[in-house]
Every structure is written in structure tokens, then in C-alpha cells.
Amino acid sequence: MTPSSDVTGLAQLSAVVEQGTVIGSVVHDSRQVIPGSLYACLRGEQFDGHRFAADAVRAGATAVLTDHQLDELLDAGITVPQIVVDDTRLRLGPIAAEVAGHPSRALATVGITGTNGKTTTAALVASIFEAAGQPCGIVGTLHGTRTTPEAPELQTLLREFVDTGCEAAALEVSSHALAMHRVDGTEFDAVVFTNLGHDHLDLHGSHEEYFRAKARLFTPSFSSLGVINVDDPHGRLIADTAQSTAVGSEFRVVEYGLADISDVAVTATSHVYTWRGRRVEVPMGGDFNVANSLAALTTAVELGIDVDVAVAGISSLATVPGRFEVIEPGDGGEHGVTVIVDYAHTPDGLERLLESARAVAGDGSLIVVFGCGGRRDRAKRPEMGAVAVRGADRVVITSDNPRSEQPQAIIDEILGGIDRGAHADVRTVLDRREAIGEAISSASTGDLVVIAGKGHETMQEFADRTVEFDDRAVAREFLGAHT
């Protein structure tokens with residue numbers, strides 16, 4: 001097919017199918033092609049997918065999505081239809097949704113974005129839907145290699161949800177996904193904003209661009225309903241902007257915040273509060289999780305779930321792995337040290353985690369173990385060091401996932417943010433296992449140890465290898481040996 005004024009590719013796709021070409025799936029990796037695939041030529045940092053179009057066709061692709069006419073295919077005698085668009089990444093989402101049969105339309109689909117809280121809020125939303133008799137699939141950090149998959153994988157996953165009987169879906173929507181158009185073509189019944197902190201500046205370049213990426217979700221092109229945390233100043237800005245620019249449109253803003261609740265009580269393993277005349281009990285500790293549960297309740301009720309059903313559903317939540325997860329010793333014995341594992345890996349996330357942990361620790365000492373990932377936003381490293389010494393009594397800085405960077409170099413950048421006059425006792429232990437062991441063995445009865453950064457992860461990535469490593473398992477081992 002020759003270039004067309006249809007830069008979206010949807011009309012071309014329809015014409016190709018009407019002419020008898022069978023397209024059963026969309027892929028962007030030529031190695032994943034199966035007979036009947038539409039192969040999308042994406043341009044990446046290292047590879048240009050257009051180079052692999054011929055390989056894709058030989059593997060069974062029946063059409064190609066491209067940003068220019070691929071004469072080399074014709075020269076090689078390959079005559080499959082070419083759907084030519086202005087930007088393959090920009091157009092991939094809607095095309096993938098079309099091929100999958102627009103599965104988001106068949107689900108109560110909730111998209112959740114924010115620097116922190118996406119995983120927990122998604123789990124809370126799913127728990128409520130399940131209690132309402134609506135099986136709910138989850139897309140997010142705990143369920144795949146990426147928080148939000150590329151558009152073809154996302155649409156395929158949503159189609160699987162529909163085909164297996166799900167009636168709802170809770171999606172974590174990352175800033176990467178928004179900037180790279182992975183959720184384009186997905187129709188959300190509601191989109192939720194949790195908060196905005198410092199993260200992913202390696203991709204976005206500036207805090208302003210990071211914010212713009214998140215804010216993109218709160219437009220009528222994605223949903224008719226935005227549920228927004230107005231306690232966060234960026235949420236307030238999104239709400240005000242959406243309300244002022246969406247006049248006469250289909251987009252409706254629902255605000256939520258701590259002013260909606262009263263009589264709040266938080267422990268290491270739960271939080272409770274009064275909301276709309278009901279006593280809400282959530283089996284998850286941490287002050288910051290109060291806002292997450294409030295987001296889930298507000299969203300569910302706005303989507304038509306009965307208030308009492310929503311309250312009951314949120315109280316039945318199972319543990320969210322690596323999210324303010326209290327670790328019990330492997331031997332099941334009693335001991336006087338509390339250990340919490342959490343995924344917090346941003347300055348904002350670590351600060352909120354330590355504030356919550358301090359409230360739980362009471363008169364006991366607060367000890368934190370953390371590091372920073374390699375090949376990720378370097379600017380946040382000194383900030384996290386500064387946050388740690390402000391929030392904890394003892395700080396053990398160690399390796400996270402150093403990837404191709406030198407672990408000690410990452411630690412040195414964290415140390416660069418620590419004031420020499422800080423009151424906290426600061427130690428560096430390169431080996432993460434040893435660091436966790438030192439923190440727990442040095443703790444006394446009544447102390448609280450926070451292990452931050454990796455949460456649910458079960459592997460640790462180095463330059464030359466990836467090894468099994470689970471903060472929770474290591475903590476249980478040392479707790480069992482703790483006297």
C-alpha cells in the first residue's frame with residue numbers, strides 16, 4: 001500500500017483487511033512474529049525496526065506498519081501490504097487496539113498514574129471490584145517486566161482479561177508509557193492521579209516534562225472521568241487545568257484528599273479512618289497508604305460500586321508484595337525488632353516511607369537500608385541520601401541494582417547529598433545481603449528496620465550477571481538468627 005493521507009493508519013488497516021489480508025496480532029519484535037502478524041517498525045535508541053521488516057515477513061507477517069514506503073521489500077519481491085503512517089510509535093496503540101477488538105471497552109478500565117502509589121492503588125481497586133462480583137485483571141509492576149507494556153502486549157493482555165471472564169482492569173500507567181504512547185488506543189472509564197515527585201528525569205529531561213507526561217492522561221482522549229489527589233500541588237494543577245480547559249467536553253474531575261476523612265489511625269500492619277459515615281479498615285500499614293486507599297474507594301464509588309461494598313472490598317485486600325510489607329522471622333518465633341520491606345526508590349517515596357515508619361517506631365530507633373539503581377535518574381541519588389539522614393537514626397547505604405555502573409560510584413553519589421553534620425549514623429556496606437544483616441543484627445528490641453528500594457523484586461542486576469536476591473527472604477533469615 002502506498003503512502004496515504006490517512007496518517008493514523010486505521011483506514012489503511014481496514015482496507016487491508018477488507019482486501020482479504022488476515023491480521024490476527026500486532027508485534028514490534030521480528031522475533032515474535034507468528035503467521036498473521038502485523039509487524040510494526042519502531043525506531044529505538046539502538047535499533048531501527050524497519051531493518052527487520054523482511055525478516056518479519058519471512059517469519060509470517062502478513063502486513064507491515066511503517067513510517068515510509070519500504071522499497072527494499074518490493075525490490076526483494078516481497079509484496080505484503082505496507083501501512084504507511086507519519087509515526088509508527090504514535091499510531092501503534094490505536095492500531096493494536098483495533099486489531100485486538102478494543103478490549104478496554106468491554107472492561108471497567110481504571111488507569112492509575114503518579115510517582116508513588118500506583119501498585120498499591122491498583123491492588124486496592126482490584127480488591128473492591130472483586131468484592132463487587134466483577135473479576136479484575138491487573139497490569140503493573142508486579143505482573144510483568146514493565147510497569148506498562150508496549151501497546152501490542154497491553155492490548156493482547158486486555159483481550160485475555162476479557163476472554164477469561166474479567167469485567168474490570170486496573171492499570172498502572174507509567175510516565176514512560178505516556179511519553180511513548182503505549183496506552184494510546186486504551187479507553188479508560190476512570191483515570192487516577194496519586195502524586196508527583198522526583199523520578200525518571202533520565203527519560204524526560206526535566207521535572208516539567210515529567211509532569212506533562214503524567215498530565216497527558218487527564219484529557220477526554222483517554223477518559224471521561226479523572227479522580228485526582230488535590231492534596232498534591234501537581235494534582236491541584238491538573239484538576240484546575242482539566243476543569244478550565246475541558247469546558248463543554250466529556251471530561252469530569254472528581255477531587256479527593258485527606259479532608260474527606262477523619263479519625264485516622266495507622267499501625268505497621270493496618271490503617272483505619274471514617275469516610276462517608278463508614279469506618280474503613282485496610283490491612284496495610286503506612287501513613288502514605290491512607291491516600292492510596294482513599295483513591296481506590298473514591299474511584300470505585302464514582303464508577304457505580306455501592307459504598308458499603310467498596311468498604312468491605314478494600315478491607316479484604318491481600319498483601320501487596322513489597323509495599324510496606326512487615327516481615328516475620330522464618331522460624332515463626334517472636335522477637336522485638338520490626339522489619340518492613342518497601343519498594344520506595346525515589347526521594348519522595350523514601351521520605352514518605354520513613355515518616356510512616358517513624359510513626360510506627362515510636363521510641364525505638366529507625367534504621368534504613370537502601371541504595372539507588374544503576375542506569376537510572378542519577379540526580380535523585382544525593383537527594384535520597386539527604387532524605388535518609390533526615391528521616392532515620394541509622395542509615396546503611398548499599399547496592400540496589402547497579403546494572404552496568406560501579407556500585408561504589410553510585411554509593412558515592414548518594415553520599416554527596418549527606419550533610420557532614422547530619423545527626424544520623426551513616427554506614428556504607430557494598431554487599432546488600434551484608435547490609436541487611438548488619439542493620440538487623442545491630443537493632444535492639446523496639447527498633448524498626450526499613451529495607452527500601454527493591455520491594456517485591458527477586459533478582460539483583462549487575463553488569464555481568466543477574467542473581468537471585470529477595471530482600472524479604474534475606475530479612476527473614478537474619479530475623480530468625482536475631483537474638
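Provided above is the structure to which this section pertains.
Residues numbered from 1 in each chain as written. Predicted model: local features only at pLDDT ≥ 70, side-chain atom pairs only at ≥ 80, totals over all residues. Heavy atoms only, no water.

### Focus: the state of the cysteines
This is how the line gets drawn: Criterion for a disulfide: a pair of cysteine sulfur atoms at a distance within 2.5 Å. The buried label goes to any residue with under 20% of its type's maximum accessible area, the exposed label to any with over 50%, and the partly exposed label to all in between, with areas taken from a 1.4 Å probe on protein chains only.
If you walk through the whole model with that rule in mind, you get 0 disulfides. Residue Cys166 stays outside any disulfide, its sulfur separated by 6.9 Å from that of Cys136, the closest cysteine. Overall, Cys166 belongs to the buried group, its relative accessible area being 16%.

### Quick word on the sheet that holds strand 14 (residues 325–327)
Heads up, the condition is: Whether two strands pair comes down to DSSP finding at least two bridges between them. Helix and strand assignments come from DSSP, with helices taken as H or I runs of at least 4 residues and strands as E runs of at least 2, each series counted from the N terminus. In this analysis, axes come from line fits to C-alpha atoms, helices being fitted only over the stretch in contact, and the angle between any two N-to-C directions falls in the range 0 to 180 degrees. Residue contacts follow a heavy-atom distance rule, with two residues in contact if any of their heavy atoms lie within 4.5 Å.
The strand order across the open sheet formed by 6 strands is 14-15-19-16-17-18, and the pairing between neighbours is mixed. The open sheet has two edge strands, strand 14 and strand 18 (425–428), and neither has a second partner. Strand-to-strand twist in this sheet, taken as the mean axis angle between neighbours without regard to direction, amounts to 20 degrees. Strand direction decides the pairing type here: strand 14 and strand 15 (residues 338–342), joined by 3 bridges, are antiparallel. For Val326, the partnering residue across the bridge sits in strand 15 and is Ile340. The sheet contacts of helix 13 (residues 347–361) involve strand 15, strand 16 (366–370) and strand 19 (448–452), and relative to strand 19 the element is tilted by about 165 degrees. Its contacts with the sheet place helix 14 (residues 380–391) against strand 16, strand 17 (394–397) and strand 18, and it is angled at close to 165 degrees to strand 16.

### Considerations on the pairing of strand 6 (residues 136–139)
Keep this limit in mind: Seen with its strands pointing away from the viewer, a crossover is right-handed when the path leading from the first strand over the helix to the second is clockwise.
Pairing of strand 6 with strand 7 (residues 168–172) involves 4 bridges; the strand directions are parallel. Bridge pairing links Gly137 to Ala169 in strand 7. A crossover connection joins strand 6 to the parallel strand 7 through helix 6 (residues 151–163); in handedness this β-α-β unit is right-handed.

### Here we look at the sheet that holds strand 5 (residues 108–113)
Pairing is parallel in the open sheet, where 6 strands are placed in the order 6-7-5-8-9-10. Looking at strand neighbours, the two that pair on one side only are strand 6 and strand 10 (252–256), the edges of this open sheet. Strand-to-strand, the axes of this sheet are offset by a mean angle of 20 degrees, without reference to chain direction. Relative to strand 8 (residues 190–193), strand 5 runs parallel, the two sharing 4 bridges. Residue pairing in the sheet places Ile112 in a bridge with Val192 of strand 8. Across the sheet, helix 5 (residues 118–131) is in contact with strand 5, strand 6 and strand 7; its angle to strand 5 comes to roughly 160 degrees. Lying over the sheet, helix 11 (residues 288–302) contacts strand 5, strand 8, strand 9 (225–229) and strand 10, oriented at roughly 145 degrees with respect to strand 10.

### Some words on the pattern of salt bridges
Pairing between side chains becomes possible if they bear opposite charge and their charged atoms approach one another. What counts here: Between Lys or Arg on one side and Asp or Glu on the other, a salt bridge is scored when a side-chain nitrogen of the former is within 4 Å of a carboxyl oxygen of the latter.
One pass over the full model with this rule turns up 33 salt bridges. As a salt-bridge pair, Asp29 and Arg31 come within 2.9 Å of each other at their nearest N and O atoms. On the basis of relative accessibility, which here comes to 74%, the residue Arg31 falls in the exposed class. The shortest N-O distance in the salt bridge between Asp425 and Arg427 comes to 3.0 Å.

### Focus: helix 16 (residues 432–441)
Keep this limit in mind: Distance and chemistry together define a polar contact, namely a pair of N or O atoms within 3.5 Å, with one atom able to donate a hydrogen and the other to accept it when in protein, and with adjacent residues in sequence counting only for side-chain atoms on both sides.
Among the residues making up helix 16, those that are buried are Arg432, Ala435, Ile436, Gly437, Ala439 and Ile440. The inward-facing, buried residues of helix 16 abut strand 15, strand 16, strand 17, strand 19, strand 20 (459–461) and helix 17 (471–481). One side-chain oxygen at the N-terminal end of helix 16 lies 3.1 Å from the backbone nitrogen of Arg433; it belongs to Asp431.

### Observations regarding the side chain of Glu457
Note that Glu457 resides in the loop between strand 19 and strand 20. Only 3.0 Å separates the side chain of Glu457 from the side chain of Asn401, close enough to count as a polar contact. Residue contacts for Glu457: discarding those within four places in its chain leaves Tyr343, Asn401, Phe469 and Asp470.

### Some details on the environment of Ser399
Residue placement: Ser399 occurs in the loop between strand 17 and helix 15 (407–415). Relative accessible area serves as the criterion here: at 5%, Ser399 is assigned to the buried category. Separated by 30 residues in the primary sequence, Ser399 and Val429 place their C-alpha atoms 8.0 Å from one another. When sequence neighbours within four positions are dropped, the list of residues in contact with Ser399 reads Pro407, Ile411, Val429, Leu430, Arg432 and Gln460.

### Overview of the pairing of strand 18
With 4 bridges connecting them, strand 17 and strand 18 associate as parallel partners. Residue pairing in the sheet places Val396 in a bridge with Arg427 of strand 18. As a crossover connection, the stretch from strand 17 through helix 15 into strand 18 is right-handed.

### Topic: the environment of Phe469
Tracing the sequence through the fold places Phe469 in the loop between strand 21 (466–468) and helix 17. According to the relative accessible area criterion, Phe469 is buried, its value standing at 9%. Distance in space between the C-alpha atoms of Phe469 and Lys454 is 9.5 Å, their sequence separation being 15 residues.

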